[in-house]
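# Survey of secondary and tertiary structure
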Amino acid sequence: MRISVRIKPNSRHKQGVFEIDNQLIVFVKSPAVEGKANAEALAILSKYLDVAKSEIKLVRGQKSKIKIFEY
C-alpha cells in the first residue's frame, strides 16, 4: 500500500503523525540534512502504522517535503 506524507522538519510541534485536510503530516525534530528527517519520519510512521521499520520504504521524494512511502 502506498501513502503520501508531508514532512515538516525542524518542527517545534510535538513529534508525530497528524491528519490535516485529509493529508498525513509528520512533524519531526531532525533537520532535513543527510536524510536525518527521512529516517526519523520512517520511525514515526512505523509506530503510527504498527508496522516494522524494515517493511516500510521510501519510494519517491527523497529530497522533497511530500514523500511516497510503501508498506
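Residues numbered from 1 in each chain as written. Predicted model: local features only at pLDDT ≥ 70, side-chain atom pairs only at ≥ 80, totals over all residues. Heavy atoms only, no water.

Ordered in space as 2-3-1-5-4, the five strands form an open sheet in which the pairing is mixed. Unpaired on one side and paired on the other, strand 2 (16-20) and strand 4 (57-60) mark the two borders of the sheet. Pairs of neighbouring strands in the sheet enclose a mean axial angle of 40°, with direction left out of account. With four bridges connecting them, strand 1 (residues 2-8) and strand 3 (residues 23-27) associate as parallel partners. Of the residues in strand 3, the one forming a bridge with Lys8 is Phe27. Against the sheet, helix 1 (residues 36-49) contacts strand 1, strand 2, strand 3, strand 4 and strand 5 (66-70), and its axis sits at roughly 120° relative to strand 3. (Pairing = 2+ DSSP bridges. Helix = DSSP H or I, 4+ residues; strand = E, 2+ residues; numbered from the N terminus. Axes fitted to C-alpha atoms, helices over the stretch in contact; angles between N-to-C directions. Contact = heavy atoms within 4.5 Å.)

Right, let's talk about unusual backbone geometry for a bit. Its identity as a non-glycine residue notwithstanding, Asn10 has a phi of 55°, on the positive side. As for its position among the elements, Asn10 is in the loop between strand 1 and strand 2. With relative accessibility at 52%, the residue Asn10 sits in the exposed group. We note that Glu34 has phi near 55°; this positive angle belongs to a residue other than glycine. Counting through the fold element by element, Glu34 comes out in the loop between strand 3 and helix 1. Judged by relative accessible area, which is 74%, Glu34 ranks as exposed. (Buried < 20%, exposed > 50% of the residue type's maximum accessible area, 1.4 Å probe, protein only.)

All right, on to the environment of Val17 then. In this fold, Val17 is placed in strand 2. With a relative accessible area of 15%, Val17 lands in the buried category. Along the sequence, Val17 and Lys47 sit 30 residues apart, while their C-alpha atoms lie 9.6 Å from each other. Filtering out sequence-adjacent residues up to four positions away, Val17 remains in contact with Leu24, Ile25, Val26, Ile44, Leu45 and Tyr48.

Here the focus is the nonpolar core. The biggest cluster of nonpolar side chains holds 14 residues, and the ones touching the most others in it are Val5, Val26, Val28 and Leu45. Looking at this core, the elements that each hand over two or more residues are strand 1, strand 3 and helix 1. (Core = buried A, V, L, I, M, F, W, Y, C linked by side-chain atoms within 4.5 Å.)

Moving on, we get to the pairing of strand 2. Strand direction decides the pairing type here: strand 2 and strand 3, joined by five bridges, are antiparallel. Its bridge partner lying in strand 3, Phe18 is registered against Ile25. In sequence, strand 2 turns back onto strand 3 through a hairpin of two residues, with Asp21 there showing a positive phi of about 55°.

Honestly, that's just the spatial picture; any functional story needs more than this.
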